[in-house]
Amino acid sequence: MSESTSILILTTDAGSGHRTAAQALELAIAERYGDAARVRVSNPWHHPQAPAMWRRYEELYLDELQSAPKLYDLSYTLSELPGVAQALSQGVAGLLESSIQPVLDEFPADLVISVYPLFTAAVASCCGGPRARPRLLTVVTDLGAVHRSWFTSRGDLCAVPTATARRKAIRCGLDPRIVVTTGIPVDPRFGRPRADAAALRRELGWRPDLTALLLLGGGAGVGQLAELAQAIDAAGLPLQLAVVAGKNEELAGQLRAHPWRTPTEVYGFVDLPDLMHAADIVATKAGGLTVSEALAAGRPLLIHGNPPGQESGNLLHLERFGAGCWTPDADALVSRLAQWLRDPELLRFATTAARQIGRPDAAYHIAELGWGLAHGPPDAGRAARNGRFGPHHARRPQPQIGQYDAEPPSAGTT
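Computed from a predicted structure; not experimentally measured. (Residues numbered from 1 in each chain as written. Predicted model: local features only at pLDDT ≥ 70, side-chain atom pairs only at ≥ 80, totals over all residues. Heavy atoms only, no water.)

Draft legend 1. Seen up close, unusual backbone geometry. At Leu118, a residue that is not glycine, the phi angle is positive and equals roughly 80°. Among the secondary structure elements, Leu118 is positioned in the loop between strand E3 (111-114) and helix H5 (119-127). Judged by its relative accessible area of 17%, Leu118 falls in the buried class. (Helix = DSSP H or I, 4+ residues; strand = E, 2+ residues; numbered from the N terminus. Buried < 20%, exposed > 50% of the residue type's maximum accessible area, 1.4 Å probe, protein only.)

Set out below in structure tokens:
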């Protein structure tokens, strides 16, 4: 073990959520361990030696989610069948090795954290037996319908977001002692506002007296954002609107050109913590990271679109605890907003539920688990699971491992 601990975080850019999770872990590790940790976030599919097919897959992933969600949902369901999943995992793991090996060669790591399915197994294959490889930590970034490809017995520790995901991991054959329920890692700023909502609204130029809706479509600004925003505007609801178009500059221009009646601000690709803390409600697609960020900020969610695959599980998680609901089209979104505005108690209920199930410290929790794993004995996965972190412990008292294994009681739907 070198004097500084080398930590490699493997991610992809198939959607923005995996990289967002990786960056949140990078921040948390830097805050906890400073110069004692040397961290690199890497997308092995972007390495010069990686086959071009992986970059193409990233592009096709977003296209399919947007243009053919039913097809994506079908392929997701079929790939979940045990026999199919095993065959796919074995085949894809072999293809991944040619992308991952150069990254491992360039950055020899004491600990590898994967925030994408199948990477853990591929690292293990590249490195041979357990004694020859770095310690391996998988971090699952979906809340409910977690695909079985996340779960491999070749890892040392698996951090899952919910009790539901933990049960799935165990059903897929993981030793319960190495599965820890932590939440999804989000930027620490979502859990600690820089200022109160009133001050943030003044800085942003928002009205202090109107309920604020933050309307999102992911980092790529995909989906029906323009239609939804214009329907809200036409409804004449007593609220103000902040629309984030992400990297979609054409959409941002279209929105800015609209003659708004509702007080409206349009943003491009922008940091979200201040906007979420200034808003009262977040309307978004059901991506695991965005949902987790809003919950960490204590904001209830309205999920628009038709969530396919893993996103449907994120929606079910919200509905189970009453922290949000599905508003698949403009009419449904306007109707639910009008209901919450007419009956503020319903909005307070959903806000309370969001705060109860939000896990703003998940990134720190996972950073501490990884640190314990990197410095632990040969059975470090089990040691970290039970809170035995060895001499290189974190700088604050360790969380009670397992504190999130039992989720709060279901609050029902709003």
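Having seen the structure, we can now continue with the description.
Draft legend 2. Structural context of the environment of His18. With respect to the secondary-structure elements, His18 resides in helix H1 (residues 17-33). Taking C-alpha positions, His18 is 6.0 Å from Val115, a pair spaced 97 residues apart along the chain. In this structure the side chain of His18 is engaged in a polar contact, spanning 3.3 Å, whose partner is the side chain of Thr141. (Polar contact = N/O pair within 3.5 Å; in protein donor to acceptor, adjacent residues only side chain to side chain.)

Draft legend 3. Seen up close, the confidence of the model for the chain. Here the chain averages 85 in pLDDT, and 80% of its residues register 70 or above. The model gives residues 409-414 a pLDDT under 50, and that stretch makes 20 contacts with residues more than four places away or in other chains. (pLDDT = per-residue confidence, 0-100. Contact = heavy atoms within 4.5 Å.)

Draft legend 4. Focus on the packing of aromatic side chains. Overall, the coordinates contain 4 aromatic pairs when judged by the stated rule. Consider the rings of Tyr33 and Trp371, whose centres lie 3.9 Å apart with planes at 5°: the pair is stacked. Of this pair, Tyr33 sits in helix H1 while Trp371 sits in helix H15 (residues 362-374); the two residues are 338 residues apart in sequence, bridging distant segments of the chain. A relative accessible area of 3% places Tyr33 in the buried class. With centroids separated by 5.2 Å and ring planes inclined at 45°, the aromatic side chains of Tyr116 and Phe119 adopt a geometry described as tilted. For the residue pair Tyr116 and Phe119, the accessibility class agrees, reading buried in each case. An aromatic cluster of three or more residues is present, and its members are Trp45, Tyr116 and Phe119. Here the guanidinium or amino end of Arg32 rests over the ring plane of Tyr364, the centre of that ring lying 4.1 Å away. Note that Lys247 overlies the ring of Phe269, its terminal NZ or CZ placed 5.0 Å from the centroid. (Phe/Tyr/Trp six-rings, centres within 6.5 Å; stacked < 30°, edge-to-face > 60°. Lys NZ or Arg CZ within 6 Å of the ring centre and 35° of its normal.)

Draft legend 5. View of the pairing of strand E5 (residues 157-160). On E5, burial covers both faces: Leu157 and Ala159 on one face and Cys158 and Val160 on the other are all buried. In the sheet, strand E4 (residues 135-139) pairs with E5 via 3 bridges, with the strands oriented parallel. Looking at E5, one finds that Val139 is bridged to Ala159. (Pairing = 2+ DSSP bridges.)

Draft legend 6. Expanded view of H1. In a regular helix each residue adds 1.5 Å, so 17 residues correspond to 24 Å; H1 covers 24 Å between its end C-alpha atoms and thus fits that length. Buried within H1 we find His18, Ala21, Ala22, Ala24, Leu25, Ala28, Ile29, Arg32 and Tyr33. Axial view of H1: buried residues confined to an arc of 160°, hence all on one face. Tucked into the core, H1 has its buried residues touching strand E1 (5-10), strand E2 (37-42), E3, E4, helix H11 (288-296) and H15. Phi turns positive one or two residues past the end of H1, at Gly34, with a value near 50°. (Expected span 1.5 Å × (residues − 1). Arc of directions from axis to C-beta.)

Draft legend 7. Inspection of the pairing of strand E9 (residues 264-267) at higher detail. Relative to E9, strand E8 (residues 239-244) is paired through 4 bridges, and the arrangement is parallel. When the bridges of E9 are listed, Ala242 appears paired with Glu265. Read as a crossover between parallel neighbours, the route from E8 over helix H9 (residues 249-256) to E9 is right-handed. (Right-handed = clockwise from strand over helix to strand, strands pointing away.)

Draft legend 8. Structural detail: the sheet that holds E2. An order of E2-E1-E3-E4-E5-E6 is seen for the 6 strands of this open sheet, with the pairing classed as parallel. Strand pairing shows two members of the sheet lacking a second neighbour, E2 and strand E6 (179-181), which therefore form its edges. Ignoring which end each strand starts from, the neighbouring axes of this sheet average 20° apart. Here H15 sits on the sheet and contacts E1, E2, E3, E4, E5 and E6; the angle it forms with E4, its principal contact strand, is near 165°. (Axes fitted to C-alpha atoms, helices over the stretch in contact; angles between N-to-C directions.)

Draft legend 9. Quick look at the side chain of His304. For His304, the position within the fold is in the loop between strand E11 (301-303) and helix H12 (310-321). Apart from the residues lying within four places of it in its own chain, the contact partners of His304 are Leu215, Leu216, Gln224, Leu225, Leu228, Ala283, Thr284, Lys285 and Thr327.

Draft legend 10. Examining the pattern of salt bridges more closely. Counted under the stated rule, the structure contains 12 salt bridges. Among the ionic pairs, Arg201 bridges to Asp280, the shortest N-O distance being 2.6 Å. Taken together, the residues Arg201 in helix H7 (residues 197-204) and Asp280 in the loop between helix H10 (273-278) and strand E10 (281-284) connect sequence positions 79 residues apart. It is possible to trace a salt-bridge network through shared partners that takes in Asp187, Arg189 and Asp271. (Salt bridge = Lys/Arg side-chain N within 4 Å of Asp/Glu carboxyl O.)

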